[in-house]
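What the coordinates show
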Amino acid sequence: MVRFAAQTGLRAGEVCGLWWENVDLMRGRVNVAESISAVSADEFHVVPPKNGQSRWVSMTPDMTEELRAVFEVRGPQPTDYMWPGDDGDDLPMHWGRDFYLRYWKRAAARAGLPDSLRFDDLRHTCAALLIAANVPAKAIQVHLGHSSFKITMDTYGHLYSDATDLVSGAMANAFAVSAEPSNVRQMWG
């Protein structure tokens, strides 16, 4: 679940709200159609994703194969949750009660990670890795389910390196062709 969240960038509630019918193992992607919203330690609601729209998110081939193996072993029904809670497949992993306190905080402590580490930091890791791989910002917006490009840039824009040299290099290349002597004579008479 942790690697899945880091690779897909899904919010905690979106991860918990995935049914097996949302998984397309042939194409290696998941349909984020709903989210789990915890009301209290024992109560939750199923709600639309944060921006109100469903989206398809790609998975790595390794993650797809791992989920395929889980699917073959468990043989879940389409309406079983991918990550069921301790109560079984008919209830989702309850973010606060089941996962965060029982597993996440304990695992982070055992790994010697700071107590301030949040599950949402996996989402930020996903965004940072996509930016480092030069994935276009618009594609990152869609992948993370932001309602606008502005949200993506306001949240992760600081991760983009200073592109001054890239800009000047691109402009130099673009104008190199037009600056050839024959072109200059045509442009300036």
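Described below are features of the structure shown in this document. Just so you know, these numbers come straight off a predicted model, no measurement behind them.

**Points about the overall build of the chain**
Each helix and strand counted, the chain has nine helices and seven strands in total. The buried share among the 189 residues of the chain stands at 34%. Restricting the contact set of the chain to residue pairs at least 6 apart, pairs at least 24 apart contribute 53%. Within the structure as shown, the chain displays about 11200 Å² of accessible surface, and the carbon and sulfur contribution to it stands at 58%.

**Re the pattern of salt bridges**
Pairing is possible between side chains that carry opposite charge, provided their charged atoms lie close to one another. What the rule picks out here adds up to 10 salt bridges. For the salt bridge of E14 with R55, the shortest nitrogen-to-oxygen distance reads 2.9 Å. With a gap of 41 residues between them, E14 in helix α2 (residues 12-16) and R55 in strand β5 (residues 55-58) connect regions that are remote in the sequence.

**Some points on the packing of aromatic side chains**
For the structure on display, the rule yields four aromatic pairs. Seen in terms of ring centroids, F4 and W83 are 4.9 Å apart; in terms of plane orientation they differ by 50°. Their pairing is tilted. With F4 in helix α1 (residues 2-8) and W83 in the loop between α3 (61-74) and β6 (84-85), this residue pair connects regions lying 79 residues apart in the sequence. The pair F4 / W83 is uniform in exposure class, with both members buried. Note that R29 overlies the ring of W56, its terminal NZ or CZ placed 4.2 Å from the centroid.

**Structural notes on the sheet that holds strand β2 (residues 29-32)**
Taken in spatial order, the three strands of this open sheet run β1-β2-β5, and their pairing is antiparallel. Each having just a single partner strand, β1 (23-24) and β5 make up the two edges of the open sheet. For β2 and β5, the ladder comprises four bridges, and the chain directions are antiparallel. Of the residues in β5, the one forming a bridge with V32 is R55.

**Some points on the side chain of R123**
The residue R123 is located in helix α5 (residues 120-132) in this model. Of the polar contacts made by the side chain of R123, one reaches the side chain of H146; its length is 3.4 Å. Residues in contact with R123, not counting those within four places in the same chain, are G9, L10, R11, R55, L144, H146 and Y156.

**What about helix α6 (residues 137-144)?**
Regarding α6, the residues found buried are A137, I140, Q141, H143 and L144. Projected onto a plane normal to the axis of α6, the buried residues spread over an arc of 165° and lie on a single side. Of the surrounding elements, those touching the buried residues of α6 are α1, β5, α5 and α7 (149-156). A positive backbone phi angle near 80° is found at G145, which sits one or two residues after α6.

**Comments concerning a nonpolar patch on the surface**
A cluster of nonpolar side chains, contributed by V167, M171 and F175, occupies part of the molecular surface with about 310 Å² of accessible area. Its place among the elements puts M171 in helix α8 (residues 164-178). A relative accessible area of 45% means that M171 is categorised as partly exposed.

Each value, and the rule that gives it
- Residue indices begin from 1 for each chain and proceed along its sequence in written order.
- Local features in this predicted model are restricted to residues whose pLDDT is 70 or higher, and side-chain atom pairs enter the listing and the counts only when it is 80 or higher, whereas totals over whole chains, interfaces and linings include all residues.
- Where side-chain values are given, they derive from all heavy atoms of the structure, hydrogens and water being excluded.
- Under the scheme used here, helices are H or I runs from DSSP no shorter than 4 residues and strands are E runs no shorter than 2 residues, and both carry numbers assigned from the N terminus.
- Residue burial is assigned from relative accessible area. The probe radius is 1.4 Å, only protein chains are included, and a residue is buried under 20% of its type maximum, exposed over 50%, and partly exposed in between.
- In this analysis, two residues are considered to be in contact whenever any of their non-hydrogen atoms come within 4.5 Å of each other.
- Here the Shrake-Rupley method, with its probe set to 1.4 Å, supplies the accessible areas, and only the displayed protein chains count as covering residues.
- By salt bridge we mean one thing: a side-chain nitrogen of Lys or Arg within 4 Å of a carboxyl oxygen of Asp or Glu.
- Centre distance within 6.5 Å is the pairing criterion for rings of Phe, Tyr and Trp, where only the six-membered ring of Trp is used; planes under 30 degrees apart are then read as stacked, over 60 as edge-to-face, and the remainder as tilted.
- Charge-over-ring contacts are defined here by two conditions on Lys NZ or Arg CZ: a distance within 6 Å of the ring centre and an angle within 35 degrees of the ring normal.
- The pairing criterion for strands is at least two bridges between them, as found by DSSP.
- By the criterion applied in these results, polar contacts are pairs of N or O atoms within 3.5 Å in which, for protein atoms, one can donate a hydrogen and the other can accept it, and in which residues neighboring in sequence qualify only through two side-chain atoms.
- Throughout, the arc means that of the directions going from the helix axis to the C-beta atoms.
- Like-charged residues within 9 Å of one another, or nonpolar side chains (Val, Leu, Ile, Met, Phe, Trp, Tyr) within 5 Å, are grouped into patches, provided each residue has over 30% relative accessible area and no salt bridge.

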